[in-house]
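Report on the structure
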Amino acid sequence: MTDEQEKTPAGPLRVGVLGARGRMGIEVCKAVEAADGVELVAAMDQGDDRSAASNAQVVVDFTTPDVVMDNLRWCIDRGISAVVGTTGFSEQRLEQVREWLARKPEVGVVIAPNFGIGAVLMMQFAARAARHFESVEIIEQHHPAKLDAPSGTATHTARQIARARAEAGLGPVPDATKDEVPGARGAEIDGVRVHAVRATGLVAHQEVLFGATGETLTIRHDSYDRASFMPGVLLAVRAVRSRPGLTVGLDALLD
Ligand SMILES: NC(=O)C1=CN([C@@H]2O[C@H](COP(=O)(O)OP(=O)(O)OC[C@H]3O[C@@H](n4cnc5c(N)ncnc54)[C@H](OP(=O)(O)O)[C@@H]3O)[C@@H](O)[C@H]2O)C=CC1
Ligand SMILES: O=C(O)C1=N[C@H](C(=O)O)C[C@H](O)C1
């Protein structure tokens, strides 16, 4: 992209997609092609030459946790903003992205564990409920082709709940059970139990179960179709260049 082209006003926002032949990538390409004010300029998958996306102003990444960091570095080095749905972002990875961005202060990156508006609200409601209940467990349910467990959404939810519990001064979740079979009580993320279910027919679902004396509260979200993620993806694509630095989650974009 020459300086002259970059200065040219108006024109649709040029979007590239990485992971374009995957389940999410296919939906994203369709959504970008159908949306106003954005143009799909590159649809790249495994084995394609990524440099075809060099003229994009925003790259959307739905690939795999093992390649996403390399893709992000590539985008940031070229001054391309990025919207990332790929999972696997530990605190260390987020810190690494912040370091790369410090050298390119004009670039924006949005990394969201879930682009479903309902899912974002489900996580917010769970964080809000957390301080009122001594017990909490997360049950995430996905299609069996999903590569990672627990889901990025469940991990993010668990961390937010743990933070809210700590701020409220709650101790550990009560649990006298001894695992007779390893894994019977699920995984533990920051002290919150997370159970991952995989079954044909599912897309992406999560329940957060809270318990207190004499009552339970269940907060549940279901994505029945990957189209459910597209309003959030397009929102981030349109907003990312006006949000330099790293934005984690869609919350700030929905306010
Ligand atoms: N944040 C959100 O709202 C959502 C996040 N996700 C996450 O998005 C990711 C993708 O999910 P999904 O679409 O179901 O997975 P898929 O496996 O269907 O798609 C991933 C695609 O990325 C391709 N790929 C692998 N390496 C590269 C590379 N280096 N460059 C470009 N493309 C590459 C894969 O190719 P190949 O198959 O040949 O390896 C595949 O086509 C997962 O981490 C998932 O958890 C999913 C749904 C919603
Ligand atoms: O792989 C998926 O399908 C999904 N991945 C994301 C996650 O791990 O949370 C988002 C959504 O749950 C679908």
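For the structure itself, look to the data block above.
Residues numbered from 1 in each chain as written. Chains lettered and ligands numbered in written order. Predicted model: local features only at pLDDT ≥ 70, side-chain atom pairs only at ≥ 80, totals over all residues. Heavy atoms only, no water.

Before going further, it helps to spend a moment on the pattern of salt bridges. Enumeration over the complete set of coordinates arrives at 14 salt bridges. Between Asp70 and Arg50 there is a salt bridge, and its shortest N-O distance comes to 3.0 Å. Taken as a pair, Asp70 in helix α3 (residues 68–77) and Arg50 in the loop between β2 (38–44) and β3 (58–61) lie far apart in primary sequence, 20 residues in all. For Asp148, the salt bridge goes to Lys146, with nearest N and O atoms at 2.8 Å. Owing to a relative accessible area of 17%, Lys146 belongs among the buried residues under this scheme. Connected through shared salt-bridge partners, Glu91, Glu95 and Arg98 make up one network. (Salt bridge = Lys/Arg side-chain N within 4 Å of Asp/Glu carboxyl O. Helix = DSSP H or I, 4+ residues; strand = E, 2+ residues; numbered from the N terminus. Buried < 20%, exposed > 50% of the residue type's maximum accessible area, 1.4 Å probe, protein only.)

This paragraph deals with unusual backbone geometry. In most cases, non-glycine residues show a negative phi, while peptide bonds are predominantly trans. A cis geometry characterises the amide bond from Ala149 onward to Pro150, with omega recorded as -5 degrees. Positive phi, normally seen in glycine, also occurs at Asp190, with a value near 50 degrees. With respect to the element layout, Asp190 can be found in the loop between β7 (187–189) and β8 (192–198). Owing to a relative accessible area of 53%, Asp190 belongs among the exposed residues under this scheme.

Taken in spatial order, the five strands make up an open sheet running β7-β8-β6-β9-β10, and their pairing is mixed. Edge strands, defined here as strands with exactly one partner in the open sheet, are β7 and β10 (215–223). Going across the sheet, the axis of each strand differs from the next one's by a mean of 25 degrees, ignoring polarity. Both strand β9 (residues 204–212) and β10 contribute to a ladder of nine bridges, which runs antiparallel. Opposite Gly211, over in β10, you have Thr216 as the bridge partner. Helix-sheet contacts for helix α5 (residues 117–129) involve β9 and β10, and the interaxial angle to β10 is about 160 degrees. (Pairing = 2+ DSSP bridges. Axes fitted to C-alpha atoms, helices over the stretch in contact; angles between N-to-C directions. Contact = heavy atoms within 4.5 Å.)

In short, geometric facts, not functional conclusions.
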